[in-house]
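What follows is each chain in one-letter form.
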Amino acid sequence: MTAPLSGGGVAGLTLAVQLARAGRRVVLFEKETYPFHRVCGEYISMENYAFLCRIGVPLDQMDLPVMTRFTVSSPTGVALHHPLDIGGVGITRYVLDQLLACLAAEHGATI
Ligand SMILES: Cc1cc2nc3c(=O)[nH]c(=O)nc-3n(C[C@H](O)[C@H](O)[C@H](O)COP(=O)(O)OP(=O)(O)OC[C@H]3O[C@@H](n4cnc5c(N)ncnc54)[C@H](O)[C@@H]3O)c2cc1C
């Protein structure tokens, strides 16, 4: 049975990769064409790092910047800083989404 998925953001893409790797027939409908830019902070929490590596995204081989501090700034120059206890890495969604779409396609998904 085919698994039809709608929306190729990080949720749809990671699900498509996992279902395709599990041998399911997957069709993912995304209205844009990869690669494309989207508004995002480009922060991947370490909570998700191992999961993304496990499904085939080679984050550990990409020499990504590590983020350990969080800053909120205002137009008037006020800035609030806070340490990020778990931390994360920075990667543009232009690259990450394209990688995930390629992975899904390699495992047989139709995008
Ligand atoms: C300004 C901003 C900064 C953020 N920064 C971060 C960050 O640094 N780190 C982080 O982890 N999260 C961040 N987020 C949150 C993160 O972007 C979302 O949690 C995440 O994108 C949700 O993924 P999703 O796959 O559920 O939805 P989305 O990423 O919204 O994906 C939905 C997809 O569906 C597609 N689509 C929509 N309608 C249709 C249609 N009719 N047919 C086919 N396709 C369709 C869209 O093109 C899109 O690709 C940020 C969010 C915002 C707004």
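Quick look at the structure, then. These numbers were taken from a predicted model, which means no experiment stands behind them.

What follows covers the site of the ligand. Taken together, 17 residues lie near the ligand, and Ala11, Glu30, Arg38, Gly41 and Tyr43 sit nearest. Between a nitrogen atom of the ligand and a main-chain N or O atom of Lys31, the distance comes to 3.1 Å. A distance of 2.9 Å separates an oxygen atom of the ligand from a polar side-chain atom of Arg38. Bound to the protein, the ligand loses 48% of the 990 Å² it would expose on its own. Split into classes, the residues belonging to the shell around the ligand amount to seven nonpolar, four polar and six charged.

Judged by nonpolar contacts, the single largest core of 25 residues is most densely connected at Val26, Val57 and Leu100. When residues of this core are traced back to their parent elements, those giving at least two are strand S1 (2-6), helix H1 (10-21), strand S2 (25-29) and helix H3 (93-106). Residues contacting Val57, with those up to four places away along its chain left out, are Leu52, Leu96, Leu99, Leu100 and Leu103.

Strand pairing in a sheet takes place through backbone hydrogen bonds and is either antiparallel or parallel in direction. Read across the sheet, three strands follow the order S3-S5-S4 without closing on themselves; strand pairing throughout is antiparallel. With partners counted over all chains shown, the strands left at the sheet margins are strand S3 (43-45) and strand S4 (66-73), one partner each. Taken pair by pair, the neighbouring strands of this sheet meet at an average axis angle of 50°, ignoring direction. In this structure, S3 lies alongside strand S5 (residues 79-90), joined through three bridges in antiparallel fashion.

Position of Val95 among the secondary structure elements: in helix H3. For the pair Val95 and Glu30, spaced 65 residues apart in sequence, the C-alpha to C-alpha distance is 16 Å.

Turning our attention to the pattern of salt bridges. One pass over the full model with this rule turns up three salt bridges. A salt bridge links Arg38 to Asp97, with the shortest nitrogen-to-oxygen separation between them at 2.9 Å. Of this pair, Arg38 sits in the loop between S2 and S3 while Asp97 sits in helix H3; the two residues are 59 residues apart in sequence, bridging distant segments of the chain. A relative accessible area of 1% means that Asp97 is categorised as buried. Residues Arg93 and Asp97 are paired through a salt bridge, measuring 3.0 Å at the closest nitrogen-oxygen approach. Linking Arg93 with Asp97, this pair stays in helix H3, spanning four residues, or about one helical turn. Arg93 sits in the buried class, given a relative accessible area of 11%.

The rules behind these values
- Residues numbered from 1 in each chain as written.
- Predicted model: local features only at pLDDT ≥ 70, side-chain atom pairs only at ≥ 80, totals over all residues.
- Heavy atoms only, no water.
- Near = heavy atom within 4 Å.
- Polar contact = N/O pair within 3.5 Å; in protein donor to acceptor, adjacent residues only side chain to side chain.
- Areas by Shrake-Rupley, 256 points an atom, 1.4 Å probe, with all protein chains shown as cover.
- Nonpolar A, V, L, I, M, F, W, Y, C, P; charged D, E, K, R; others polar.
- Core = buried A, V, L, I, M, F, W, Y, C linked by side-chain atoms within 4.5 Å.
- Buried < 20%, exposed > 50% of the residue type's maximum accessible area, 1.4 Å probe, protein only.
- Helix = DSSP H or I, 4+ residues; strand = E, 2+ residues; numbered from the N terminus.
- Contact = heavy atoms within 4.5 Å.
- Pairing = 2+ DSSP bridges.
- Axes fitted to C-alpha atoms, helices over the stretch in contact; angles between N-to-C directions.
- Salt bridge = Lys/Arg side-chain N within 4 Å of Asp/Glu carboxyl O.

The values are spatial; any link to function lies outside them.
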